[in-house]
Amino acid sequence: MNDLLRILYLEDDLLDAELIKHKLQSEGLDCDVTLVTGKKAFESKFNQEIYDLVLLDFNLPDYDGMSALKYARRKRSETPIIIISGTIGEEGAVECLKAGANDYVLKQGLQRLGVAVRRALKEKAEYTARREAEIIAGNEKLFSDTMIESLPGIFYFFNDQGKFLRWNRNFGIISGYSDEEIARMHPLDFFLDGEKQLVAQRIGMVFEKGDSTVEASFVAKSGKLTPYFFTGRKVIYNGLQCLVGIGVDVAERKLAEHELRIAATAFEAQEGMMVTDANQIILRVNSSFTKITGYMPDEVIGKTPAVLSSGQHDAEFFKNMWKSLKTDSYWHGEIWNRRKNGDVYPEWLNISAVSDADGKITHYVGSFFDVTKSKAAEEKIEHLAFYDSLTSLPNRVLLRDRLQHTYAASARYPNHYALLFVDIDNFKILNDTKGHNFGDLLLVEVASRLQASIREIDTVARLGGDEFVVLLEKLSTNAQEAAAMSEVVGEKILYSLSQPFWLDGYEHHSSASIGISLFRKQEVSVDELLKRSDTAMYQAKAAGRNTLRFYDPAMQELLEIRTLLERDLRRALAENQFQLYYQMQVYHNGHILAAEVLLRWLHPERGLIAPIEFIPLAEETGLIIPIGQWVLETACAQLKDWESDKNTRYLRLAINVSARQFHQKNFVDSVRETLLRYRVDPDRLDLELTESLVLDNIDEAIDKMHALKSIGVRFSMDDFGTGYSSLSYLTRLPLDQLKIDQSFVHNIGVKQSDAVIVQTIIGMANNLGMEVIAEGVETEAQREFLEKHGCPVCQGFLFGKPVPIAEFEAELKTVELDLDR
Ligand code: C2E
Ligand code: MG
Ligand code: MG
């Protein structure tokens, strides 16, 4: 309480009022006087404010001091009240005192005013002290003890000086102080220095405004801090200004709040977050969600996560996801989603199902992060680990890996594979004289040339330095052919690397040495394989560089022969080394119907070479095309020649057509054109096809055969019975003749099942309205069997071997011609 006396003064005479104020001042009483002149103003001021003293004029025009006095005392106020008036007589004065006035001062006797005021204030102070003591002692029934003791928190009641008047037992228990100690303490003693100011300000607010709250740490005697929420309300009790309130422990709530704050912070983390209800309706997303997906919260809330679907996952994928959410309440994995802008991106997604106490799923919480960047990093790391940094080719590690795979695969395929070890000749010299940068430029260029030399399924790797390895996959099933194929690639590489390089403006000439080893079905280990290719490569170096060598010496030899053969074959046509042999086809009575022309190569050094030795090579190199054309033309010329002689004009010639030849786009045209050019009757010509040739592409075969058939050309199915022997295709082909393969004929009388096949083929031909001929007939017994079972036409040594035209024509003269046909 400050020393300024707050006085409420009811007075209608302003002059009197001034006089009184002056008097109080002259008495040494510092006053703050609020002057009111009527009932309304008095009552409202009296109710709203607290005054140290009330002065009442007795006679007012519409009010009076007695009524005001009674009003104040009715309000149970203990504020000292002094009546000031003109004469009201002894009786009036007694009545005032009875009604509760502290004193009565005559306007005419104002010299008493100071004494009266001082006495009234003293009485009030004594009364207050007495009351406070009563409250402290608990004799005052202001509070119900049961009530304050049953409060969950601490209870306190202190006056505007901070003197504790009442508190509950909890206060003592929680603070750790005894009642004596608390009685001497100030409320601010229970707070940390840092919080004292805040608490004091809130207490002040209670006394000024009526109530306030504060949250602060309550400091116990032990030093233990507990977060408390305090309330305070001003009460005026018998004129005492006090604060009554309770404090509750908010440690738990604070903790919960703290957790909520953590959760909220976590929700706004780097990860995209999405909360859906049990029906997958999105309830909430965070800002990272927006950052990653491009969708604002209001664009997705209320929808399902399907808005993010990229369409990259099938129903099975989601089925599994839901299954694991149901069983484990959890799923995580990589998923491709679509951003608002349409980009599809990979994200790592965790989904947790949130269940209520009964185990029923109420929400799903999904958190995800965009793994586009880490995927790119992963790929980069992989690239560093498995690829050569200079050339970007697979490195030794990846090569081994590919080889292992190839090994695993090769167990299932009968094909051969080849490993080529490519080493640049004199690379070291280049490096030493022109510098490493120059060497690097060469290696990069070599790498790209190597890659250009292989098929897509093959692999080029750099082992380091100037060593490269080429892995050729799935070559031929035939070792010799596989070797030839890898040699072709090797030669291609040698050629490509012998072309000039332009390095940094300089022209550079280089070459390489290649070692090749073939493998199949895990015959040797990867290391052994590399070693073999390496060994072969050193042999290539020893052989003078810019060349290739095979690991297997025998293979090497075969290849050399083949290489020579190919070289010679290219010259054979131009140098007229081919010759046609003629072998007659006869009726059982010995009449000659036709002849098959069979190709021979008269090699200048090696003599006569059978077709089996060079036809496959001619096929592979494409030389069969001009060779086949030569056979056709030679046969046509012969037919033309025979036309002029009545003894020979009935003869037909059969020629063998190879697959590559037949599959030529212009095959039909070139046959037709040749026949026209030689003006030969097309039905004198028999084209022998094989089953495999026809079955390569049966529709193409049918078309081509029909086209030629339409001008009269005849077709014979050679080596019949050795192929696929599907009846259905036979009926679709416009064939004139089936030619029973010589292997069956050979076994007549030897192998019963083959004899049965011969009979079957004959029956089949008869049923389909085709002619039938047996080839390789060598014995009279075979001939007899064939004739007996309905095949009277034969070809074989029994009648005549394939011979040059001169000999054949000589033979013609010795046998009877079948002039009936
Ligand atoms: P092919 O068409 O089945 O020819 C029949 C083969 O059987 C011929 O072998 C012939 O000499 C042989 N031969 C004939 N009668 C007998 C016999 O009684 N006993 C035995 N053991 N063999 C007999 P050649 O001349 O060595 O021809 C082999 C194959 O070369 C031919 O089989 C044919 O597929 C192919 N060929 C021959 N000439 C040509 C040609 O000009 N072009 C094409 N593309 N292939 C040809
Ligand atoms: Mg033939
Ligand atoms: Mg044949």
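For the structure, see preceding data.
Treat the numbers as computed from the prediction; the structure is a model and nothing was measured.

Calculation rules
Residues numbered from 1 in each chain as written. Chains lettered and ligands numbered in written order. Predicted model: local features only at pLDDT ≥ 70, side-chain atom pairs only at ≥ 80, totals over all residues. Heavy atoms only, no water. Near = heavy atom within 4 Å. Polar contact = N/O pair within 3.5 Å; in protein donor to acceptor, adjacent residues only side chain to side chain. 1 Å grid on protein atoms, 1.4 Å probe; cavity = no way out; pocket = protein on both sides within 12 Å on 5 of 7 lines; lining within 4 Å. Sits in = over half its atoms within 2 Å of the grid points. Helix = DSSP H or I, 4+ residues; strand = E, 2+ residues; numbered from the N terminus. Nonpolar A, V, L, I, M, F, W, Y, C, P; charged D, E, K, R; others polar. Donors = N, O, S within 2.8 Å, 3.2 Å for Na, K, Ca; no water. Buried < 20%, exposed > 50% of the residue type's maximum accessible area, 1.4 Å probe, protein only. Pairing = 2+ DSSP bridges. Axes fitted to C-alpha atoms, helices over the stretch in contact; angles between N-to-C directions. Phe/Tyr/Trp six-rings, centres within 6.5 Å; stacked < 30°, edge-to-face > 60°. Lys NZ or Arg CZ within 6 Å of the ring centre and 35° of its normal. Salt bridge = Lys/Arg side-chain N within 4 Å of Asp/Glu carboxyl O.

**Q** Explain the site of ligand 1 to me, using residue names and the numbers behind them.
**A** Ligand 1 sits among 21 residues. The nearest are R600, N656, D718, Q742 and E778. In the environment of ligand 1, an oxygen atom lies 2.8 Å from a nitrogen or oxygen atom belonging to the backbone of F797. More than half of the atoms of ligand 1 fall within 2 Å of the grid points belonging to the second largest pocket. Looking at the shell around ligand 1, the elements that each hand over two or more residues are β24 (592-603), α21 (611-621) and β28 (714-720). Classifying every residue of the shell around ligand 1 by side-chain character gives eight nonpolar, six polar and seven charged.

**Q** Help me get a handle on the coordination of the magnesium ion (ligand 2), residues and values and all.
**A** For the magnesium ion (ligand 2), the protein coordination sphere consists of E596 (OE), N656 (OD1), E688 (OE) and D718 (OD), at 2.0 to 2.3 Å. Each donor residue of the magnesium ion (ligand 2) belongs to the same chain, with the gaps between them written as E-x59-N-x31-E-x29-D. For the pair the magnesium ion (ligand 2) and the magnesium ion (ligand 3), the metal-to-metal distance amounts to 4.2 Å, and D718 bridges them. Of the two residues, E596 sits in strand β24 while D718 sits in strand β28, which places them 122 residues apart along the sequence. Of the two residues, E596 and D718, both sit in the buried class.

**Q** Give me the lowdown on the pairing of strand β27 (residues 685-690), citing residues and values where you can.
**A** Counting buried residues along β27, five of its six residues qualify, which places the element largely inside the surrounding structure. As defined by bridge partners, β27 adjoins β28 across five bridges and the pair is classed as parallel. Its bridge partner being in β28, E688 is matched across the sheet by S716.

**Q** I'd like to hear about the sheet that holds strand β16 (residues 417-424), residue by residue, with values.
**A** Taken together, five strands build an open sheet; the order of strands is β17-β18-β16-β21-β22 and the sheet is mixed. For this open sheet the edge positions go to β17 (459-464) and β22 (548-550), each flanked by a neighbour on one side alone. Between one strand and the next, the sheet's axes are offset by a mean angle of 20°, whatever the strand orientation. In this sheet, strand β21 (residues 512-519) lies alongside β16 in antiparallel orientation, the contact comprising eight bridges.

**Q** Give a description of the packing of aromatic side chains that names residues and reports values.
**A** Counted according to the given criterion, the structure contains 32 aromatic pairs. Taken together, a centroid distance of 5.8 Å and an interplanar angle of 35° make the contact between F578 and F614 tilted. On the criterion of sequence distance, the pair formed by F578 in strand β23 (residues 578-587) and F614 in helix α21 is long-range, its members being 36 residues apart. The same class applies to F578 as to F614, namely buried. When the ring of F578 is compared with that of W630, the centres are 6.2 Å apart and the planes differ by 45°; the resulting orientation is tilted. In this pair, F578 is assigned in strand β23 and W630 in helix α22 (residues 624-643), connecting sequence segments 52 residues apart. When the ring centre of Y51 is taken as origin, the NZ or CZ atom of R6, which lies over that ring, is 5.4 Å away. Just above the ring of F662 sits the side chain of K704; from NZ or CZ to the centre is 5.5 Å.

**Q** Got a sec to walk through the pattern of salt bridges? Specific residues and values, please.
**A** For the structure on display, the rule yields 54 salt bridges. One salt bridge in this structure joins E633 and R677, with 3.0 Å as the shortest N-O distance. Taken together, the positions of E633 in helix α22 and R677 in helix α24 (residues 667-678) put the pair 44 residues apart, joining distant regions of the chain. The exposure class of E633 is partly exposed, given its relative accessible area of 21%. Under the relative-accessibility criterion, R677 is labelled partly exposed at 42%. Several salt bridges converge on common partners, so that one network encompasses E11, D16, D57 and K107.

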